[in-house]
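Each chain, written out:
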Amino acid sequence: MDVIVECEHVTKKYGDLVAVNDVSFKVEEGEIFGLVGPNGAGKTTLIEMIEGLMIPDSGSIKALGLNPARQGRELKEKIGVLLQTTSIQPDIKVKEALTLFASFYEHAHENTSELLHTLVLEDKADSRFKKLSGGQKQRVAIALALVNDPKILFLDELTTGLDPQARRNMWELIENIRTQGKTIFLTTHYMEEAEKLCDRVGIIDYGKIITLDTPGNLLDNLSADSKVTFNVENKDIDTSTFEAIGAVSRVEKVDERFILYTKDENVTLQELIRLSDTQKFKLTDLRTESPNLDDVFLAVTGREMRE
Ligand SMILES: Nc1ncnc2c1ncn2[C@@H]1O[C@H](COP(=O)(O)OP(=O)(O)OP(=O)(O)O)[C@@H](O)[C@H]1O
Ligand SMILES: [Mg+2]
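Model, not experiment: these values are computed from the prediction. (Residues numbered from 1 in each chain as written. Chains lettered and ligands numbered in written order. Predicted model: local features only at pLDDT ≥ 70, side-chain atom pairs only at ≥ 80, totals over all residues. Heavy atoms only, no water.)

1. Re the sheet that holds strand S12 (residues 257-262)
What holds strands together in a sheet is hydrogen bonding between their backbones, with the strands either parallel or antiparallel.
Inference 1: Strands sit in the order S11-S12-S10-S13 across an open sheet of four strands; the sheet is antiparallel. The sheet is open, and its two borders are formed by strand S11 (248-254) and strand S13 (282-289), each paired with just one other strand. In this sheet, adjacent strand axes meet at a mean angle of 20 degrees when their direction is disregarded.
Inference 2: As paired elements, strand S10 (residues 226-233) and S12 share six bridges and run antiparallel to each other. Each bridged residue has a counterpart across the sheet, and for lysine 227 the counterpart in S12 is tyrosine 261. (Pairing = 2+ DSSP bridges. Helix = DSSP H or I, 4+ residues; strand = E, 2+ residues; numbered from the N terminus. Axes fitted to C-alpha atoms, helices over the stretch in contact; angles between N-to-C directions.)

And the structure:
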């Protein structure tokens, strides 16, 4: 795999505030790479330095083999950028916006209808931007970022403000764009988005990347327990009944609800059902919860991601 972005010891300050603090990492061609972190973590500052829109105070950045601070013009031709806040003229029609943006580039996509197809906007070509839904506006912004057929697409806060369904649809679109041979570099403050969509995730907090790996490895290294939760009807059962299950490391009872912590959900569920059978009690509202990237954030920062 070729390295497409490389940051080495990159730092950026605003006065006394260190927004990006000695950050080093690489992005490989063809991957969906995500920077995830809370508000003010430094995501926009970092992504905009890679895009050549901001200049680092120290450290070095290479994007597509270019130095964004010194070769910004050349870089701009080859990358696609979705800014955190896009400003598109409200009265412009979608197809006019595509033609306008294409005119900014030496080599632009000749087939804008293909772009409209990729972004599921075929029937919106003649709509004015202001008449579109939030999800549609965001898809137009992505289509505009793709007019120069970039090798890498930068997406800052891709799905902020979208409802859960629109967010999931967006993930599918991004997967499709990657399949067309593009690298995706995105930022998000949704841990679920990072987990479901990204091949590798860098968790950023107070300007530092504190951990970076595939979602699977981040979760494995956490080695946190899953939770099995349920209520018991028709019988008084003591927590000790469940502490006896070999795979269970800890049992809590919150109000009437039991919470079993375990590394092996399957064994725990099997044992639990066997117990309910032999001891004649009824399990209701039985659920399992696996650890997720929110738990990883908590483990590496000591804080909840949602402050
Ligand atoms: N132009 C600026 N002048 C001064 N401080 C700034 C400026 N831009 C950002 N900051 C500060 O730098 C830090 C990082 O900001 P940045 O926008 O990079 O964070 P972010 O991770 O993108 O946050 P969000 O999730 O809210 O978009 C924040 O503390 C922010 O207040
Ligand atoms: Mg931001």
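Once the structure has been displayed, the description carries forward.
2. Looking at the packing of aromatic side chains
Here the distance between the centres and the angle between the planes together describe a pair of aromatic rings.
Inference 1: What the rule picks out here adds up to nine aromatic pairs.
Inference 2: An aromatic cluster is defined as three or more aromatic residues linked by ring pairs; in this entry it consists of Phe25, Phe33, Phe154 and Phe185.
Inference 3: For lysine 76, the ring lying beneath its charged end belongs to tyrosine 105, and the centroid distance is 5.3 Å.
Inference 4: The residue whose ring lies beneath arginine 250 is tyrosine 261, and the NZ or CZ to ring-centre distance is 3.9 Å. (Phe/Tyr/Trp six-rings, centres within 6.5 Å; stacked < 30°, edge-to-face > 60°. Lys NZ or Arg CZ within 6 Å of the ring centre and 35° of its normal.)

3. Here we look at the site of ligand 1
Inference 1: Residues in contact with ligand 1 amount to 13 residues; listed here are only the nearest, Gly40, Lys43, Thr44, Thr45 and Gln84.
Inference 2: One of the side-chain N or O atoms of threonine 44 is found 2.7 Å from an oxygen atom in ligand 1.
Inference 3: Considered on its own, ligand 1 offers 630 Å² of accessible surface; in the complex 61% of this is hidden by protein.
Inference 4: Contributing elements (two or more residues each) for the shell around ligand 1: strand S2 (17-28) and helix H1 (43-50). (Near = heavy atom within 4 Å. Polar contact = N/O pair within 3.5 Å; in protein donor to acceptor, adjacent residues only side chain to side chain. Areas by Shrake-Rupley, 256 points an atom, 1.4 Å probe, with all protein chains shown as cover.)

4. Observations regarding the pattern of salt bridges
Inference 1: Counted according to the given criterion, the structure contains 19 salt bridges.
Inference 2: Of the charged contacts in the structure, one is a salt bridge between glutamate 175 and arginine 178, with a shortest N-O distance of 3.3 Å. Taken together, the positions of glutamate 175 and arginine 178, both in helix H6 (residues 164-179) and three residues apart, correspond to about one turn of that helix.
Inference 3: The partner of lysine 263 in a salt bridge is aspartate 225, with the nearest N and O atoms 2.6 Å apart. With a gap of 38 residues between them, lysine 263 in the loop between S12 and helix H10 (265-278) and aspartate 225 in the loop between helix H8 (215-222) and S10 connect regions that are remote in the sequence.
Inference 4: The exposure class of lysine 263 is exposed, given its relative accessible area of 58%.
Inference 5: Through salt bridges with shared partners, a single network forms among Arg168, Glu192 and Lys196. (Salt bridge = Lys/Arg side-chain N within 4 Å of Asp/Glu carboxyl O. Buried < 20%, exposed > 50% of the residue type's maximum accessible area, 1.4 Å probe, protein only.)

5. Examining the sheet that holds strand S4 (residues 58-63)
Inference 1: Taken in spatial order, the three strands make up an open sheet running S2-S1-S4, and their pairing is antiparallel. The sheet terminates laterally at S2 and S4, the two strands that pair on one side only. Recorded for the sheet is a direction-independent mean angle of 15 degrees between the axes of neighbouring strands.

6. Points about a negative patch on the surface
Inference 1: Taken together, Asp236, Asp238, Glu243, Asp255 and Glu256 make up a surface patch of like negative charges.
Inference 2: Looking at the element boundaries, aspartate 236 is found in the loop between S10 and helix H9 (239-243).
Inference 3: The exposure class assigned to aspartate 236 is exposed, which follows from its relative accessible area of 78%. (Patch = residues over 30% accessible without salt bridge, like charges linked within 9 Å, V, L, I, M, F, W, Y side chains within 5 Å. Lys, Arg positive; Asp, Glu negative; His and termini not counted. Charge placed at Lys NZ, Arg CZ, Asp CG, Glu CD.)

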